[in-house]
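Breakdown of the fold
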Amino acid sequence: MLTISEERITELLEKCNGYGSVIYPLIKDRLTGYREEDIAFAEEGLFFEEEYLLILKHIKQNQIPVERVVDIGCLFGFQSELFDGVEYIGVEALKVKFFNQEKSSVRYIRGVFPYVDVDLKNAVTISSMALGYFNEMVDEDEEKALDKIVEKLAECSRLYIKTTPELIERLKPLFKIHEELMNERVLQHSFFLFYFSNMEK
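A short tour of the structure in this document, coming up.

Reading the values: rules and limits
Residues numbered from 1 in each chain as written. Predicted model: local features only at pLDDT ≥ 70, side-chain atom pairs only at ≥ 80, totals over all residues. Heavy atoms only, no water. Core = buried A, V, L, I, M, F, W, Y, C linked by side-chain atoms within 4.5 Å. Buried < 20%, exposed > 50% of the residue type's maximum accessible area, 1.4 Å probe, protein only. Helix = DSSP H or I, 4+ residues; strand = E, 2+ residues; numbered from the N terminus. Contact = heavy atoms within 4.5 Å. Expected span 1.5 Å × (residues − 1). Lys, Arg positive; Asp, Glu negative; His and termini not counted. Salt bridge = Lys/Arg side-chain N within 4 Å of Asp/Glu carboxyl O. Polar contact = N/O pair within 3.5 Å; in protein donor to acceptor, adjacent residues only side chain to side chain. 1 Å grid on protein atoms, 1.4 Å probe; cavity = no way out; pocket = protein on both sides within 12 Å on 5 of 7 lines; lining within 4 Å. Points joined across faces, edges and corners; volume = space filled by probe spheres on them. Nonpolar A, V, L, I, M, F, W, Y, C, P; charged D, E, K, R; others polar. Pairing = 2+ DSSP bridges. Arc of directions from axis to C-beta.

1. Observations concerning the nonpolar core
Formed by 42 residues in total, the largest nonpolar core has its most connected members in Leu31, Leu46, Phe78, Leu82 and Phe83. Top element by residues in this core is helix H3 (residues 49-61). It accounts for five residues. Here Leu46 is in contact with Ser21, Ile23, Tyr24, Ile27, Leu31 and Phe78, once residues within four sequence places are set aside. Residues Ala145, Ile149, Cys156 and Phe175 belong to the second largest nonpolar core, which totals 27 residues.

2. Notes on H3
Between its first and last C-alpha atoms H3 spans 18 Å; for 13 residues at 1.5 Å apiece the expected length is 18 Å, and the two agree. For H3, the full list of buried residues reads Glu49, Glu51, Tyr52, Leu53, Ile55, Leu56, His58 and Ile59. Looking one or two residues beyond H3, the residue adopting positive phi is Gln63, at roughly 50 degrees.

3. Thoughts on the side chain of Arg158
In this structure, Arg158 sits in strand S5 (residues 158-163). Glu179 is the oppositely charged side chain nearest to the buried, salt-bridge-free Arg158, at an N-O distance of 9.6 Å. Within polar-contact distance, the side chain of Arg158 engages the side chain of Tyr195 at 3.1 Å.

4. Focus: the side chain of Thr125
Here Thr125 lies in strand S4 (residues 124-128). A residue is classified by how much of its surface remains accessible, and Thr125, at 0% relative accessible area, is buried. Those residues within four positions of Thr125 in sequence are excluded, and the remaining contacts are Val70, Ile72, Leu120, Cys156, Arg158, Leu159 and Tyr160.

5. As for the layout of surface pockets
Volume-wise, the largest pocket comes out at about 530 Å³. Surrounding the largest pocket, 30 residues form its lining, Gly73, Glu92, Met129, Ala130 and Phe134 being those nearest its centre. Split into classes, the residues belonging to the lining of the largest pocket amount to 22 nonpolar, seven polar and one charged. In this model, the second largest pocket occupies a volume close to 280 Å³. Forming the boundary of the second largest pocket are 15 residues, of which Gly18, Phe47, Glu49, Glu50 and Glu51 lie nearest the centre.

6. Re the pairing of strand S2 (residues 87-92)
Counting buried positions along S2 yields five of six residues, so the element is predominantly enclosed. Pairing analysis gives five bridges linking strand S1 (residues 68-72) to S2, with the strands arranged parallel. The residue of S2 that forms the bridge with Val69 is Tyr88. Both S2 and strand S3 (residues 106-110) contribute to a ladder of five bridges, which runs parallel. In the strand pairing of S3, Ile89 is matched with Arg107.

7. Here's the deal with helix H1 (residues 6-15)
All buried positions along H1 are accounted for by Ile9, Leu12 and Leu13. All buried residues of H1 lie within an arc of 105 degrees about the axis, which places them on one face of the element. Those residues of H1 that are exposed and aimed more than 90 degrees away from the buried face are Glu7 and Glu14. Buried-residue contacts for H1 involve helix H2 (24-27) and H3.

8. Details of the environment of Gln79
Among the structural elements, Gln79 can be located in the loop between S1 and S2. Linking Gln79 and Glu6, residues 73 residues apart in sequence, is a C-alpha distance of 17 Å. With residues near it in sequence (within four places) discarded, Gln79 still touches Phe47, Tyr52, Asp71, Cys74 and Tyr88. In this structure the side chain of Gln79 is engaged in a polar contact, spanning 3.2 Å, whose partner is the side chain of Tyr52.

What is shown is where atoms sit, not what they do.
Here's what the structure looks like:
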């Protein structure tokens, strides 16, 4: 069971004002062994903090049972810090130093999704600003890449994804529940954070 409380999530969300990381002060003393260029802007933001906190808030408010989280495109996995009490599996294609890997509840799979062996049926799956943006890593043909991503994501019992409008529209027919948690526009681009599920509880 997730140990972070809804009150703590709300407190951290209220601090997300675009002027610095809310997680950095909590883990800065443990950011050892990273190259300067890897965490040069750590004080500004370690990952998509607001998105992960919104996901956690949604999980808590809807009493979604969580035993395992699969985080696709986790990069360094700094966000694993938020998932104490459950098994956290980060999936990342880049060769980076993973955070919290000494914890027995945290593990990482290095590889390109969907070409990794990971069970999405019995997990809460998360992908924030990863899938849909680096399709050439999946297949040189854009349409084939999206087909392969969608085919694998169809296995998810619960999916939180921040991605392109195109990938969102491809996913909608596959799930009974699709709930928009965030919609933002930056310059010419729209970014959506959605919750998808075929589970009632």
